[in-house]
Amino acid sequence: MANELAKFINSQRRHRDQNAVNRQVKIAKAHGLTHKDKAIKEPHRLAKHRVMDCGNPECYLCGNPRKTHKDKLTAQEKRLFQDVEKTTDKHSNGLTPKED
């Protein structure tokens, strides 16, 4: 490394990666995965992949909701279309705004 800034940036990157791995290992242990599973045996595989993602596009939880669910709307679209007529104030926990 040429200078102190490059060293600091490299150490920040390594620290972020290690924190991400530690978080995923904690999630794996909370969900009952044991030390025999790949997630715990080789924890640095989790630096860019998530523990609870099975990777199967046909999976109900991991797949695209437009292809796996029958309603064909994502959670964001459902939230957008739920109360179109009713005006709510977003800054006061969804209460109707007081008319001045």
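That block above? That's the structure.
Rules and cut-offs
Residues numbered from 1 in each chain as written. Predicted model: local features only at pLDDT ≥ 70, side-chain atom pairs only at ≥ 80, totals over all residues. Heavy atoms only, no water. Salt bridge = Lys/Arg side-chain N within 4 Å of Asp/Glu carboxyl O. Helix = DSSP H or I, 4+ residues; strand = E, 2+ residues; numbered from the N terminus. Patch = residues over 30% accessible without salt bridge, like charges linked within 9 Å, V, L, I, M, F, W, Y side chains within 5 Å. Areas by Shrake-Rupley, 256 points an atom, 1.4 Å probe, with all protein chains shown as cover. Contact = heavy atoms within 4.5 Å. Buried < 20%, exposed > 50% of the residue type's maximum accessible area, 1.4 Å probe, protein only. Polar contact = N/O pair within 3.5 Å; in protein donor to acceptor, adjacent residues only side chain to side chain. Expected span 1.5 Å × (residues − 1).

A. View of the pattern of salt bridges. Enumeration over the complete set of coordinates arrives at three salt bridges. Between K7 and E4 there is a salt bridge, with the nearest N and O atoms lying 3.7 Å from each other. Taken together, the residues K7 and E4, both in helix α1 (residues 4-30) and three residues apart, mark about one turn of the helix.

B. A nonpolar patch on the surface, seen in detail. A cluster of nonpolar side chains, namely L5, F8 and I9, defines an oily patch on the protein surface of about 320 Å² accessible area. Structurally, I9 can be placed in helix α1.

C. Just the environment of C54, in detail. Mapped onto the elements of the fold, C54 is located in the loop between α2 (38-41) and α3 (65-68). Other than its neighbours up to four places away in sequence, C54 contacts C59 and C62.

D. Looking closely at the side chain of N10. With respect to the helices, strands and loops of the structure, N10 is situated in helix α1. Judged by relative accessible area, which is 17%, N10 ranks as buried. Reaching out from N10, the side chain makes a polar contact with the side chain of R13 at a distance of 2.5 Å.

E. Summary view of the side chain of Q24. With respect to the helices, strands and loops of the structure, Q24 is situated in helix α1. Using a relative accessible area of 9% as the deciding quantity, one classes Q24 as buried. Leave out the neighbours within four places in its chain, and Q24 touches L46, H49, R50 and V51.

F. Inspection of α1 at higher detail. Taking 1.5 Å of rise per residue, 27 residues should cover 39 Å, and α1 covers 39 Å from first to last C-alpha, within 8% of that figure. Those residues of α1 that fall on the buried side of the exposure criterion are N10, A20, V21, Q24, V25 and A28. Downstream of α1 by a residue or two, G32 has a phi angle that is positive, lying close to 90°.

By themselves, these figures tell us nothing about what the structure is for.
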